[in-house]
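Chain residues, written in single-letter form:
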Amino acid sequence: MADVVVGRDKCGEQRLVSLPLSRIRVIMKSSPEVSSINQEALVLTAKATELFVQYLATYSYRHGSGKEKKALTYSDLSNTAEESETFQFLADILPKKILASKYLKMLKEKREDEEENDNNDESDDEAES
Amino acid sequence: MAERPEDLNLPNAVITRIIKEALPDGVNISKEARSAISRAASVFVLYATSCANNFAMKGKRKTLNASDVLSAMEEMEFQRFITPLKEALEAYRREQKGKKEASEQKKKDKDRKTDSEEQDKSRDEDNDEDEERLEEEEQNEEEEVDN
């Protein structure tokens with residue numbers, strides 16, 4: 001069971017967490033309203049982050065299309081963010097990618113819709129007076 | 001204090017290693033995927049911290065503690081992390097206890113050494129005589145036991 005909890009570094013020594021605590025601490029402190037962080041909370045957050053990385057990677061791989069090719073790609077991750085409730089908090093930072101041509105087409109259609117709405121508004125005004 | 005953008009990122013080498021160890025052998029991870037997971041990890045830390053902080057504030061405490069983090073995991077629906085986290089916490093506490101005891105022992109040894117050094121200065125000759133007598137006594141004891 002201990003193997004699940006401790007990792008091994010280059011020297012083969014057992015270490016509780018691999019992620020650097022100092023960096024984790026910087027990220028935590030950047031959160032507003034956080035005054036101080038007890039050392040145990042720091043260690044647990046670092047450990048939780050490692051578990052999270054493992055979970056995100058394996059989940060995305062299992063549910064992704066890259067599985068046949070034995071690869072994990074960005075789209076596997078963005079699909080996870082969109083489709084899984086647990087990972088939904090990542091949706092904004094892992095947006096789905098579309099071809100530039102498709103995006104430009106979408107923009108164009110949106111602009112046309114807005115123009116149409118403006119025209120309708122004007123005719124409404126005229127009708128009222 | 002202004003943080004530079006890179007300070008809020010986690011080291012690529014460590015992230016890559018964690019991913020590789022989690023996935024089956026031979027799976028290729030694109031650079032984009034790695035970078036995305038790294039960003040996701042940073043966001044996770046922020047989300048977890050904010051959540052844990054809510055629990056601390058509810059408890060009218062200003063310092064985040066271990067139970068706040070565990071409660072946050074529950075809240076974020078990462079219950080699967082709770083058991084391994086509790087095990088990690090136990091291991092960490094044992095390690096800390098061990099370190100504390102080791103440093104207390106060192107201090108005791110140091111104090112003892114300092115005391116005996118002061119005594120030695122005035123009693124060197126006496127000790128040598130005592131040692132010789134002790135050795136003789138030990139030899140006598142051994143002979144008796146053999147008989």
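The notes below deal with the structure included here. (Residues numbered from 1 in each chain as written. Chains lettered and ligands numbered in written order. Predicted model: local features only at pLDDT ≥ 70, side-chain atom pairs only at ≥ 80, totals over all residues. Heavy atoms only, no water.)

**Some remarks on the overall build of chain B**
Here's step 1: In terms of regular secondary structure, chain B is built from 4 helices and 2 strands.
Here's step 2: When the helices and strands of chain B are placed in sequence order, the string is α-β-α-β-α-α.
Here's step 3: Scored against the burial criterion, the 147 residues of chain B give a buried share of 29%.
Here's step 4: Of the contacts made within chain B by residues no fewer than 6 positions apart, 33% connect residues no fewer than 24 positions apart.
Here's step 5: Counting every atom, chain B has about 10,600 Å² of accessible surface; 45% of that belongs to carbon and sulfur. (Helix = DSSP H or I, 4+ residues; strand = E, 2+ residues; numbered from the N terminus. Buried < 20%, exposed > 50% of the residue type's maximum accessible area, 1.4 Å probe, protein only. Contact = heavy atoms within 4.5 Å. Areas by Shrake-Rupley, 256 points an atom, 1.4 Å probe, with all protein chains shown as cover.)

**Observations concerning a nonpolar patch on the surface**
Here's step 1: The grouping of I98(A), Y103(A), L104(A) and M106(A) at the surface amounts to a nonpolar patch, some 400 Å² of accessible area in total.
Here's step 2: Following the sequence through the fold, Y103(A) ends up in helix α5 (residues 100-128). (Patch = residues over 30% accessible without salt bridge, like charges linked within 9 Å, V, L, I, M, F, W, Y side chains within 5 Å. Salt bridge = Lys/Arg side-chain N within 4 Å of Asp/Glu carboxyl O.)

**Section: the packing of aromatic side chains**
Here's step 1: This structure, assessed with the given rule, holds 15 aromatic pairs over all chains.
Here's step 2: A centroid spacing of 6.4 Å and a plane angle of 90° characterise the contact between F89(A) and F78(B), whose relative ring orientation is edge-to-face. Here the residue F89(A) occupies a position in the loop between α4 (74-83) and α5, and F78(B) occupies one in the loop between α3 (66-75) and α4 (82-146), the pair thus bridging two chains.
Here's step 3: With relative accessibility at 0%, the residue F78(B) sits in the buried group.
Here's step 4: The structure contains a cluster of three or more aromatic residues connected by ring pairs, namely F52(A), Y55(A), Y59(A), F87(A), F89(A), F44(B), Y47(B), F78(B) and F81(B).
Here's step 5: A cation over a ring is seen here: K97(A) above Y74(A), with NZ or CZ 5.1 Å from the ring centre.
Here's step 6: In this arrangement the basic side chain of R80(B) is found over the ring face of Y55(A), its NZ or CZ atom lying 3.8 Å from the centre. (Phe/Tyr/Trp six-rings, centres within 6.5 Å; stacked < 30°, edge-to-face > 60°. Lys NZ or Arg CZ within 6 Å of the ring centre and 35° of its normal.)

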